[in-house]
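Structural overview for review
Single-letter residue listing:
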Amino acid sequence: KQWYQRRVRGSIDHTFWTQLNAKKLDELKLDERPLPLSAFYTNDCKPGLPAHLTLSYDSFTDKPINRGTAYTGEILNTNTIEEFKAKDFSGILKTAGEKIWSTFSDGSALENPVIMNQFYCVCFADLKKYRYNYWFCFPAFVTPAAIVDRSTLGDKFNSEQREKIRSIGNLGAAFLDKDLNVIEDKSKAVSNMEFVLINDPSTDSEHPGWPLRNLLALVSYHLKEKKVVKVICLRENKVAGQQSVDHSLFLEIELQPLANTEMPKVVGWERNTKGKLTSKFVDLSASMDPAKISESSVNLNLKLMRWRLLPELNLEVLQKLKVLVLGSGTLGCNVARCLLGWGVKNITMLDNGKVSYSNPVRQSLFNFDDCGKPKAETAAARIKQINPSAESRGVDLSIPMPGHPVSKLEEEKVKENITLLEDLIDSADVVYLLTDTRESRWLPTLMTSAKHKICINSALGFDTYLVMSTVLKMRARCLKRHRSALAPYLAPNSAATFVTTLSLLETPRKTGPWIRCVQ
């Protein structure tokens, strides 16, 4: 019967899953290659608590973490739950065992016994719902071992010796001579050893922890004949405010030399709380910030589209664009919604009207309670409600139009509006002309042309619509378009075309590099 059955359990901080999400979205994408991990365990757990291996946000590295005793491993994330369930878990365990076994034969395990502390994690991360299926594997060899005697460090060593042992504990594992010194000649470590020391994560008063398995297997591998090995299972605890190792287990274990150099049986898949060999599941959706979930989900949809359909689409450019929407009516509302769907966050809505009773049924950013409120400000507020991470702004402004007389009393106000409109266009990367009249598009058209801005113009008929980018050719300017007769059923279709036009557009600017949405 195996008496050292106190397994290590994987203890995962929620920051680990946050980092995995970021790795999946920005690095792995659809790639299923394993990522290196580093974790650690401590030997100072409170009595009664299970030994656990800790992983957190900084575990995605191939360098040992400078906390506790190091464990190195890999995580293999699958793209679907079906692929997770279909994994060859027996094959993974065997491969992991072979990797550790190779450190026996090449001598590296004698040089640094901690390298035998290895683990593997297979998981499926549902990034939309923040649900994770995972299974830890801690490979360990099954070799003959029989306990001869059990006591504590306080029974076997004096205070000076115990303090010396405690100082060696930071090595994780070591071979000691009769004077409790670390044996320097690693090739003779087993033949010359008097004690074997290991940092023990177990809190059980009778049983040592899981990492001792491979250390004893290493000793058996190098034994020439049967031998009783003295094992120090180092555990630390605070007594009266002072670190104490008096309660650490001291075991005398009879080991047999391995009959041949073939790898023994390997075990290690983690059991659940009921003792069954099966994977675990965690649902973190309730603990995540809803605004962050919303932002991540929007980005996920866009990245899935890029991975599968349009690899050259530059989403980062789209997300950083500053968009000015001139007109917050039927077209303006639908365009703003489509921009959000493409990941655009910085949207300025401009209009001088108020929400009328006929608007909510046609204009998707308004409802009945908004009637009588300023259109631009109400639309901007609704954008923030739809996507909390958006940076939306509403500007109540009347665009000066040719053929409309200006009285002396209005002259200063018109000049202020012209200055404000020019400032808004200056700060924008893209301008949408979605106002009701041809005259109201005349001044913004001239300004965008003079400033070499992307300007997307549209016009709706009763059953047709026109979309064009008015950047390069004067004869394609919006001042030649007819007045829009807004058909409610055309607005969503045309708005989708307007925004898609932006995503596929590349155009030079007067200053700075080309804006390239498709590389």
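Residues numbered from 1 in each chain as written. Predicted model: local features only at pLDDT ≥ 70, side-chain atom pairs only at ≥ 80, totals over all residues. Heavy atoms only, no water.

**Quick word on the overall build of the chain**
Operational definition: Helix numbers and strand numbers start at the N terminus; a helix is a DSSP run of H or I with at least 4 residues, a strand a run of E with at least 2. For every residue, the accessible area (1.4 Å probe, protein chains only) is compared with the maximum for its type, and the residue is labelled buried under 20%, exposed over 50%, or partly exposed between those bounds. Contact definition: two residues touch when any of their heavy atoms are within 4.5 Å. Accessible surface area values rest on a Shrake-Rupley calculation with a 1.4 Å probe, where residue burial reflects the displayed protein chains alone.
Helices and strands together make up the secondary structure of the chain, namely 15 helices and 23 strands. Within the chain, the fraction of its 519 residues that count as buried is 48%. For the chain, restricting intrachain contacts to residue pairs at least 6 apart in sequence, the fraction spanning at least 24 positions comes to 70%. Of the roughly 25000 Å² that the chain leaves accessible, carbon and sulfur atoms contribute 51%.

**Topic: the pairing of strand S6 (residues 131-141)**
Counted only if it meets this: What makes two strands pair is DSSP finding at least two bridges between them.
Among the 11 residues that make up S6, 10 are buried, leaving the element largely enclosed by the rest of the structure. Two elements, strand S5 (residues 118-126) and S6, share seven bridges in a ladder whose sense is antiparallel. In the strand pairing of S6, Asp-126 is matched with Arg-131. Where S5 hands over to S6, the hairpin turn is made up of four residues, of which Tyr-130 adopts a positive phi near 55°. Taken together, the four bridges between S6 and strand S15 (residues 280-283) define a ladder with antiparallel strand orientation. Residue Tyr-132 lies in a different strand from S15, and its bridge partner there is Val-282. Here S6 pairs with strand S14 (residues 266-269) via three bridges, running antiparallel.

**Description of the packing of helix H1 (residues 14-28) against helix H9 (residues 290-308)**
Spelled out, the test is: For helices, the fitted line uses only the C-alpha atoms of the stretch in contact; every axis is such a line through C-alpha atoms, and the angle between N-to-C directions lies from 0 to 180 degrees. Angle categories: roughly parallel below 35 degrees, roughly antiparallel above 145, roughly perpendicular from 65 to 115, and oblique for all the rest. Left-handed describes a crossing whose near helix is turned anticlockwise from the far helix by less than a right angle; the clockwise case is right-handed.
It is the contact of H1 with H9, at a shortest axis distance of 11 Å, that shows an interaxial angle of 30°. Taken together, the axes of H1 and H9 lie roughly parallel to each other. Our pair here, H1 against H9, has a crossing hand that is left-handed. When H1 is examined against H9, the residues Lys-24, Leu-25 and Asp-26 are found in contact with a partner set consisting of Ser-296, Leu-300, Lys-303 and Trp-307.

**Overview of the environment of Trp-101**
As for its position among the elements, Trp-101 is in helix H3 (residues 89-105). In sequence terms Trp-101 and Phe-141 are 40 residues apart; their C-alpha atoms lie 9.0 Å from each other. Once you skip the residues sitting within four places of it in the chain, Trp-101 turns out to touch Phe-141, Tyr-221, Leu-258, Thr-261, Glu-262, Met-263 and Pro-264.

**Side note on H1**
To be explicit about the condition: Here, expected helix span is obtained from the residue count minus one, scaled by 1.5 Å.
Helix length check: H1, at 15 residues, gives a terminal C-alpha distance of 20 Å against a target of 21 Å (1.5 Å per residue), a fit within 8%. Taken together, the buried positions of H1 are occupied by Phe-16, Trp-17, Leu-20, Asn-21, Lys-24, Leu-25 and Leu-28. Looking one or two places after H1, you find Lys-29, whose phi comes out positive at around 55°.

**Things to note about the sheet that holds strand S19 (residues 430-433)**
Here we have six strands laid out as an open sheet, ordered S18-S17-S16-S19-S20-S21, and mixed in their pairing. If you trace the sheet from one side to the other, it starts and ends with strand S18 (391-396) and strand S21 (465-469), each paired once. Strand-to-strand, the axes of this sheet are offset by a mean angle of 15°, without reference to chain direction. Alignment of S19 against strand S20 (residues 454-460), held across four bridges, turns out to be parallel. Among the inter-strand pairings, Leu-433 is bridged to a residue of S20, identified as Asn-457. The strands touched by helix H13 (residues 411-427) within the sheet are strand S16 (322-326), strand S17 (346-351), S18 and S19, with S16 carrying the most contacts at an inclination of about 140°.

**Focus: unusual backbone geometry**
Phi angles above zero are rare outside glycine, and Lys-29 is one such case at about 55°. Note that Lys-29 resides in the loop between H1 and strand S2 (35-41). At Leu-180, a position not held by glycine, the phi torsion is positive, near 65°.

**Topic: H13**
Our working definition: By arc we mean the arc of the directions from the helix axis to the C-beta atoms, nothing more.
Given a rise of 1.5 Å per residue, 17 residues ought to cover 24 Å, and the 25 Å separating the end C-alpha atoms of H13 matches this to within 8%. Residues Asn-417, Leu-421, Leu-424 and Ile-425 constitute the buried set of H13. Within H13, the buried residues cover an arc of 95° as seen down the axis, which keeps them to one side.

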